[in-house]
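Coordinate inspection notes
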Amino acid sequence: MLSMFIANCGVKPVMLNYRNYVGIMMAMLIATTVGSLSVFVIGTVAKLVMDDLKLPYGVMGVVISMQRVASTLSALFMGYVIDYMGPFKILVIAMSFSTLSLFLTPLSRDLWMLLLTRIIAGMVFSAYWPSCTKISSLYIPRSRLGLATAIFESGSIVGVLLTYILIPYTNAWKQLFFIVAVISIFSLLTIIALLPRGIETGYRQLEKRQSSMGGAIVYKGVLRNIIIIFFAFLFALQPWAFYTSWLSTFLVEKFMVELKDIWIPISLFLLTGMAFGILSSILSDKIGGLMGRKIVLVVTLATTSITLFMLAIEKGIYTWVLLALAIISHRAFLPLAWTIINDITPANFVGIVSGVNALAGQIAMMIAPIIIAYTREVLGTFDISIVLLSIFTVIPIPLYLWLKPFKLKEFKSHRNLILNTDKIT
């Protein structure tokens, strides 16, 4: 029992060979890509849906936002469910429901059916990133945690880009949804094939052996880190909420261009940011653990804040350069926000803590577009909103620096009690 108690305090409980954990990383990337597709595709074809179903802008906005509302509500308990049932089982369930929603959406003939399909997609969306974070904590070598997280976190970009790539090859929004649903089915089958045999059984055996005594001892420390992580990610995700909501409108107003003129550069910025996210995670792995994560995290968040502030006051030709730096640096940060959870959290609490991180992210994605829209309407410019985003991005830096891991010495006073329990069992 003592050895297993130590495992709860952060030692890797399961080790797989190179081929197995690479397969797991690929499975997680495929899963988050499907998760992104299931919720982002509706925004890409929103105008086509509105024209077909005769929906006004306000109603369509409610349809899209209901996904976030559902994700926020489910995030309240998703972390606990992941810890209890196991991340692989939850991931497969989430992908199954995402696929179902993708098939049902083009069958919608009225507003209520459309809302139902989007609520289904939103309810399971909050399972993807916490499940992958939990999987990484259990099965990915600690020296590869940053890389694994960066790879599965890249699914948020791959999913968005796929929707735009598929649009020219489809004749209608319903056809696009069916194509994405078929992709989702094949993705689910691929994930099942990639996962090593017996891995779910191994997880259940591990959970049965978890020490409730160890969980009680670390609860106070976990709660402290949960509070810090919640507010840190809530503020840190504000720029991404801007990039995925009002960025295109901001650029259209600033440069007096059409949407088709900005798609290519924005895609290039996102792809470059995805690459830098992987590089920053590898760098944090090389530096080592929590310290490496904090160093790279401070640099990327500080760069994002500075470039956003300059973007708000810059009126010349350097706007594109500043925007590129702001997007790339923020994308380089995002994988670290998930990886750092594994650096500070015992394995049996990772699902709960990452679920809280997901909850903060969903709230950020809801409130930021509203704040930006309100300031734009009242002040007639996006510049003030971007300055606020710059300030918000600085706040998480001291919060993340405040995080600290659990160390074995914190539990030495309980050694004799655990040994005595071992003798009884």
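The notes below deal with the structure included here. (Residues numbered from 1 in each chain as written. Predicted model: local features only at pLDDT ≥ 70, side-chain atom pairs only at ≥ 80, totals over all residues. Heavy atoms only, no water.)

The subject of this paragraph is the overall build of the protein. Looking only at helices and strands, the protein features 21 helices and zero strands. Looking at the 425 residues of the protein, the share that counts as buried comes to 54%. Taking contacts inside the protein between residues at least 6 apart in sequence as the whole, the part at least 24 apart equals 85%. Total accessible area on the protein is roughly 18400 Å²; 71% of this is exposed by carbon and sulfur atoms. (Helix = DSSP H or I, 4+ residues; strand = E, 2+ residues; numbered from the N terminus. Buried < 20%, exposed > 50% of the residue type's maximum accessible area, 1.4 Å probe, protein only. Contact = heavy atoms within 4.5 Å. Areas by Shrake-Rupley, 256 points an atom, 1.4 Å probe, with all protein chains shown as cover.)

Attention now goes to the packing of helix α5 (residues 87–104) against helix α7 (residues 128–139). Across the interface, α5 lies against α7 with an axial gap of 9 Å and an inter-helix angle of 155 degrees. Here α5 lies roughly antiparallel to α7, going by the angle between them. In terms of crossing hand, the pair formed by α5 and α7 is left-handed. The residues of α7 that touch α5, namely those facing P87, F88, I90, L91, A94, M95 and S98, are Y128, S131, C132, K134, I135 and Y139. (Axes fitted to C-alpha atoms, helices over the stretch in contact; angles between N-to-C directions. Parallel < 35°, antiparallel > 145°, perpendicular 65-115°, else oblique. Left-handed = near helix turned anticlockwise from the far one by under 90°.)

Attention now moves to the packing of aromatic side chains. For the structure on display, the rule yields 15 aromatic pairs. With centroids separated by 5.7 Å and ring planes inclined at 50 degrees, the aromatic side chains of F235 and F392 adopt a geometry described as tilted. With F235 in helix α12 (residues 212–236) and F392 in helix α19 (residues 383–394), this residue pair connects regions lying 157 residues apart in the sequence. Judged by centre distance (6.2 Å) and plane angle (55 degrees), the ring pair of F269 and W320 falls under tilted. Of the two residues, F269 is situated in helix α15 (residues 263–287) and W320 in helix α17 (residues 319–344); the sequence distance between them amounts to 51 residues. Look at W320 and you get partly exposed, because its relative accessible area is 25%. Every member of this aromatic cluster is reached through a ring pair, and the members are W240, F242, Y243, F250 and F382. Between R224 and the ring centre of W402, over which it is positioned, the NZ or CZ distance is 5.2 Å. The cationic tip of R331 hangs over the ring face of W240; the distance from NZ or CZ to the ring centre is 4.7 Å. (Phe/Tyr/Trp six-rings, centres within 6.5 Å; stacked < 30°, edge-to-face > 60°. Lys NZ or Arg CZ within 6 Å of the ring centre and 35° of its normal.)

Our next topic: a nonpolar patch on the surface. Together, V182, I185, F186, L189 and I192 make up a nonpolar patch on the protein surface, roughly 460 Å² of accessible area in all. In this fold, I192 is placed in helix α10 (residues 173–194). In this structure I192 comes out as partly exposed when scored by relative accessible area, which is 47%. (Patch = residues over 30% accessible without salt bridge, like charges linked within 9 Å, V, L, I, M, F, W, Y side chains within 5 Å. Salt bridge = Lys/Arg side-chain N within 4 Å of Asp/Glu carboxyl O.)

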